[in-house]
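Listed here are the chains, written in short residue letters.
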Amino acid sequence: MTPSRNLILINVDYLREDFVSGNWADTPYLDEISNDGIECRNLHATTTTTAPSVASILTGMYSENNGVNSLREAELNKDVPTMSKTFTQAGFGSTGLVLSPLAKEVEFYRGFDHYYYRKNDDYLVDDWYETALNRIKTLLNRSFFTFISG
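Small disclaimer: the values here were computed from a predicted structure and weren't measured. Each residue is numbered by its place in its chain's sequence as written, counting from 1. Where totals are concerned, whole chains, interfaces and linings use all residues; where local detail is concerned, this predicted model gives features only for residues with pLDDT of at least 70, and gives and counts side-chain atom pairs only at 80 or more. Heavy atoms throughout the structure, all of them, feed into the side-chain values; hydrogens and water do not.

## Remarks on the confidence of the model for the chain
On average, residues of the chain score 81 in pLDDT, and 87% of them reach the 70 mark or higher. Scored between 0 and 100, pLDDT is the confidence that the predictor attaches to each residue. Elements are defined by DSSP. Helices are runs of H or I of four residues or more, strands are runs of E of two residues or more, and each kind is numbered from the N terminus. Ranking the elements of the chain by mean pLDDT puts helix α1 (residues 17–21) last with 69 and helix α5 (residues 83–89) first with 94.

## Considering the environment of Trp24
Tracing the backbone shows Trp24 in the loop between α1 and α2 (28–36). Here, residues are in contact when the closest pair of their heavy atoms is within 4.5 Å. When neighbours within four sequence positions are excluded, Trp24 is seen to be in contact with Asp18 and Phe19.

## Points about the pattern of salt bridges
Salt bridge, as applied in this entry: a Lys or Arg side-chain nitrogen positioned within 4 Å of an Asp or Glu carboxyl oxygen. A complete count under the given rule lists three salt bridges for this structure. Residue Glu107 pairs with Arg110 through a salt bridge whose shortest N-O separation is 3.5 Å. Each of the two residues, Glu107 as well as Arg110, counts as buried. Relative accessibility under 20% of the residue-type maximum defines a buried residue, over 50% an exposed one, and the middle range a partly exposed one, all with a 1.4 Å probe and only protein chains included.

## As for helix α7 (residues 128–139)
Expected span, for any helix, means 1.5 Å times one less than how many residues it has. Over its 12 residues, α7 runs 17 Å from end to end, which matches the ideal 16 Å to within 8%, given 1.5 Å per residue. Residues of α7 that are buried include every one of Trp128, Thr131, Ala132, Ile136 and Leu139, and no others. In an axial view of α7, the angular spread of the buried residues amounts to 125°, which keeps them on one side of the axis. Exposed and facing more than 90 degrees away from the buried side of α7 are Lys137 and Thr138. Here the buried face of α7 lies against β2 (93–98), β3 (114–117) and β4 (144–149). Picture the helix axis, draw a direction to every C-beta atom, and the arc is the one those directions span.

## Digging into the packing of aromatic side chains
Pairs were defined over the aromatic rings of Phe, Tyr and Trp, the Trp ring being its six-membered one, requiring ring centres within 6.5 Å. Orientation was assigned from the angle between planes: stacked under 30 degrees, edge-to-face over 60, tilted for the rest. All told, the structure shown has five aromatic pairs when counted by the stated rule. Aromatic pair Phe87 and Phe92: ring centres 5.0 Å apart, planes at 85°, arrangement edge-to-face. Residue class for Phe87 comes out partly exposed when judged on its relative accessible area of 21%. Geometrically, the ring pair formed by Phe112 and Tyr115 is tilted, given 5.3 Å between the ring centres and 50° between the ring planes. Taken together, the ring pairs in this structure connect Phe87, Phe92, Tyr109, Phe112, Tyr115 and Phe145 into an aromatic cluster.

Here is the structure:
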């Protein structure tokens, strides 16, 4: 049986919910995604540091179980299953599009068909947008999981 749904998981570091849901800013694109999909509003970070928190999102495990306990010099435990691998094994195309230069060292790329991250010396918005669009377009003929983090 072919999967019939897509999942785009957007993780935005340092973005307060009250800023995008109130009158502070105009966010038509985020509003459209929220209205057309499923929005999870009652989420809590497992830590205050990005790498361990993202590791918990991608593994469903606390830091002490997934191996990523700090911002630097951290790596996912080899035996920890990832969300991307679960989706890939279920027949979804999977792509990770991440602005974090820590992604390679922490091994957040494990389980994705394609994974693109910003290198330390790249500009923040260089060709990331075009790369993201092109990667997602290649998945449109099948069900896909895309993780976008910035």
